[in-house]
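Fold and geometry: a report
Chain by chain, the residues:
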Amino acid sequence: MAPGGSTSKRGFASMDSDRQREIASKGGKSVPAEKRSFSQDRELASEAGRKGGQASGNTRGNQE
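These numbers were taken from a predicted model, which means no experiment stands behind them. Every chain is numbered on its own, with residues counted from 1 as its sequence reads. In keeping with the model being predicted, local features are shown solely for residues with a pLDDT of at least 70 and side-chain atom pairs are shown and tallied solely at 80 or more, while totals for entire chains, interfaces and linings include all residues. In computing side-chain properties, one takes all heavy atoms of the structure into account and sets aside hydrogens as well as water.

Turning our attention to the overall build of the protein. Under the DSSP-based scheme used, a helix requires at least four consecutive residues in state H or I and a strand at least two consecutive residues in state E, with every element numbered from the N terminus. Summing up its helical and strand segments, the protein has three helices and zero strands in all. Reading the protein from its N terminus to its C terminus gives the helix and strand order α-α-α. Relative accessibility under 20% of the residue-type maximum defines a buried residue, over 50% an exposed one, and the middle range a partly exposed one, all with a 1.4 Å probe and only protein chains included. Counting over 64 residues, the protein shows a buried share of 0%. Note on areas: Shrake-Rupley, 1.4 Å probe, and residue coverage restricted to the protein chains presented here. For the protein, the exposed surface amounts to about 5900 Å²; the carbon and sulfur share of it is 50%.

On to the pattern of salt bridges. For salt bridges, the criterion is a side-chain nitrogen of Lys or Arg within 4 Å of an Asp or Glu carboxyl oxygen. Throughout the structure, instances matching the rule amount to four salt bridges. When the shortest N-O distance is used, the salt bridge between Arg19 and Glu22 registers 3.1 Å. Here the residue Arg19 and the residue Glu22 both occupy positions in helix 1 (residues 17–25), the gap between them amounting to three residues, near one helical turn. Using a relative accessible area of 40% as the deciding quantity, one classes Glu22 as partly exposed. Salt-bridge contacts for Arg50 lead to Glu43; the nearest nitrogen and oxygen are separated by 3.4 Å.

Below, the discussion takes up the confidence of the model for the protein. How sure the predictor is of each residue is captured by pLDDT, a score from 0 to 100. Confidence in the prediction for the protein averages 74 pLDDT; 72% of positions are at 70 or higher. Model confidence for the protein, summarised as mean pLDDT per element, is weakest for helix 2 (residues 37–40) at 70 and strongest for helix 1 at 90.

Topologically, Ser46 is positioned in helix 3 (residues 42–60). A polar atom in the side chain of Ser46 sits 2.9 Å from the side chain of Arg50. Counted as a polar contact is a pair of N or O atoms within 3.5 Å, where, for protein atoms, one must be capable of donating a hydrogen and the other of accepting one, and residues adjacent in sequence contribute only when both atoms are in side chains.

Put into structure tokens, the structure is as follows:
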């Protein structure tokens, strides 16, 4: 809850459930499947996943 006891009228969580559902249903529809690079090249997707895992794992020990 926001300071002062009121809730925010902003953001996804404050929308009614129908509006949230409408927005969420649009996810992934903006680009046709044949133009999504990861749907065409499994090796590219695998490599990107490895890079992401390495990047997130490298910062954990250095936060102190």
